[in-house]
Amino acid sequence: MPDFAWKGIKNTQYLSGTISALTRDEAAYKLKEDGIIITHLNKHTLAGEDKGAKTPFKFSFKFSLKRRVKLDKIMIATKKMATMMRSGLAILPSLAMVRDQVDDPLLKKTMAEIYQDVEDGSSLSKAFGKHPNIFDSIYVNLVRAGESSGKLDTFLEKLVGSIRKTIKIRKSIQSALLYPTILLVVATIVLAIMMIFVVPVFAQMFGSIGSQLPAPTLMIVNLSNFMRDPFGGGLLLVTVVGGVILFRAAIKRNLALRTKWHQFILHIPLIGDMALHSNIAQVAMVYGNLTNAGVPVIEALDITAESSKNEVIRAGIQEAKRGVFSGEPLSELLGKIKVFPSSFAQLVSVGEQTGNMSDMLETISSYYEEEFDSSVDKMSQMLEPIMICFLGGVIGFILVAMYLPIFKMGQVVTS
């Protein structure tokens, strides 16, 4: 069983050590069970091993379809459990009813395992924590807070609201990108048909004439020949598709590259605003729910950082967490971190001064959700005419280039 080296915080003390586990997720689960807030966790390198030693290059490609449970399925199951518990049912009967009612096979199997763990004496939060691919750390910690406070149904309702907002943000992004994506696909198909089937007909006709073709026509004909050539367009297509797959794999595996990519996304006009506003809305929502549940500030910030999908924002929250641990106000720390807008730090400062941070965080979340919706509308309004003009311009240029020799022949005849 491999060892994992870890660093973390427990009872305001920095600690470090190693832990044995089959996977990194299992190691993280064991450490959190011991009340340790993880700041660093990597596979342990033995003392005799040379970290800089060269190893033979190995390339392996694994294709696997990971089954995931959709968020709306998790939300419905959580809502059912909250409703049953509010009506007076105990945990086990509630779990049994949810297990029997869900229609997703993976979720049904997971709920059956959770039911068995709780029946064997495990707490509900520990049972959920054994399935990190379905129930994230936010979900598990809010369930744990509900168990501690005796208000499990209330915190399950908070989870339902949190998941609903996450689904809303995702659907807004999808709807904003749907129409431009359809236009791009249609443009690609139309251009491919014209270059592969239509242009060669004109090229054959112009070849029989034998006159010198205009520069635009010659360019389109050469481009058509290149695209029809298996070692030209075919190789280019394979290269592009392969490059995209390799780039996605590199981003997934390499933290430094992923951070630079996420930083680049934040600087793209409109898209950067969308990413920033959606992330801040989620951060405020998660942090507000955790602090309202009584989760310690340092641990709440750590969990909030994990909830963000953007590495730049995640690093910013971790930096703020270290400052809070040293005793600095959160609002001042957020104001110093460039990725966060000044309005975010100012609103957090108001919450600190009034002593009503949970309500202020809810206000912040709502405010940035509205800003996100505004960014989505702006992007939709801007992309639609751009894509239409692009499609019309390219197709128009190809048609003009193909008819230029015919126009020239007409001029020669008339003169």
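You'll find the structure just up there.
Report on the accompanying structure.

Procedures and definitions
- Residues numbered from 1 in each chain as written.
- Predicted model: local features only at pLDDT ≥ 70, side-chain atom pairs only at ≥ 80, totals over all residues.
- Heavy atoms only, no water.
- Core = buried A, V, L, I, M, F, W, Y, C linked by side-chain atoms within 4.5 Å.
- Buried < 20%, exposed > 50% of the residue type's maximum accessible area, 1.4 Å probe, protein only.
- Helix = DSSP H or I, 4+ residues; strand = E, 2+ residues; numbered from the N terminus.
- Contact = heavy atoms within 4.5 Å.
- Patch = residues over 30% accessible without salt bridge, like charges linked within 9 Å, V, L, I, M, F, W, Y side chains within 5 Å.
- Areas by Shrake-Rupley, 256 points an atom, 1.4 Å probe, with all protein chains shown as cover.
- Salt bridge = Lys/Arg side-chain N within 4 Å of Asp/Glu carboxyl O.
- Expected span 1.5 Å × (residues − 1).
- Lys, Arg positive; Asp, Glu negative; His and termini not counted.
- Charge placed at Lys NZ, Arg CZ, Asp CG, Glu CD.

### Concerning the nonpolar core
By size, the foremost hydrophobic cluster in this structure holds 73 residues, and its most contacted members are Ile114, Phe128, Phe135 and Phe340. No other element matches helix H11 (residues 271-292), which puts ten residues into this core. Ignoring sequence-local partners within four residues, the contact set of Phe128 consists of Met81, Ile114, Phe135, Tyr139, Val140 and Val143. With 15 residues, the next largest nonpolar core counts Leu191, Met195, Leu213 and Ile398 among its residues.

### Describing a nonpolar patch on the surface
Among the surface-exposed residues, Val185, Ile189, Ile193, Ile196, Phe197, Val198, Leu223, Phe226, Met227, Leu236, Val240 and Val244 lie close enough to one another that they form a single nonpolar patch of about 1000 Å² accessible area. The set of elements that each furnish at least two residues to the nonpolar patch consists of helix H7 (152-209), helix H8 (215-228) and helix H9 (230-253). At six residues, the largest contribution of residues to the nonpolar patch is made by H7. Mapped onto the secondary structure, Ile189 falls in helix H7. Taking the relative accessible area as the measure of exposure, Ile189 reaches 47% and is therefore partly exposed.

### A look at helix H2 (residues 71-86)
Here H2 spans 22 Å end to end across 16 residues, near enough to the 22 Å set by a 1.5 Å rise per residue. Considered for burial, the residues of H2 that qualify are Ile74, Met75, Ala77, Thr78, Met81, Ala82, Met84 and Met85. Directly after H2, the chain includes Gly88, whose backbone phi takes a positive value near 110°.

### Description of the pattern of salt bridges
Where side chains of opposite charge bring their charged atoms close, a pairing between them can arise. Applying the stated criterion across every chain yields a total of eleven salt bridges. With a closest N to O distance of 3.9 Å, Arg86 and Asp153 form a salt bridge. Separated by 67 residues along the polypeptide, Arg86 in helix H2 and Asp153 in helix H7 bring together distant segments of the chain. Through salt bridges that share partners, Lys79, Arg86, Asp153 and Glu157 make up one connected network.

### Some words on the environment of Arg322
Residue position: Arg322 is located in helix H13 (residues 311-325). Along the chain, Arg322 and Asp302 lie 20 residues apart, while their C-alpha atoms are 9.9 Å from each other.

### So, a positive patch on the surface
Taken together, the side chains of Arg68, Arg170, Arg248, Lys252, Arg253 and Lys309 define a basic patch exposed on the protein surface. The leading source of residues in the positive patch is H9, at three residues. Tracing the backbone shows Lys252 in helix H9.

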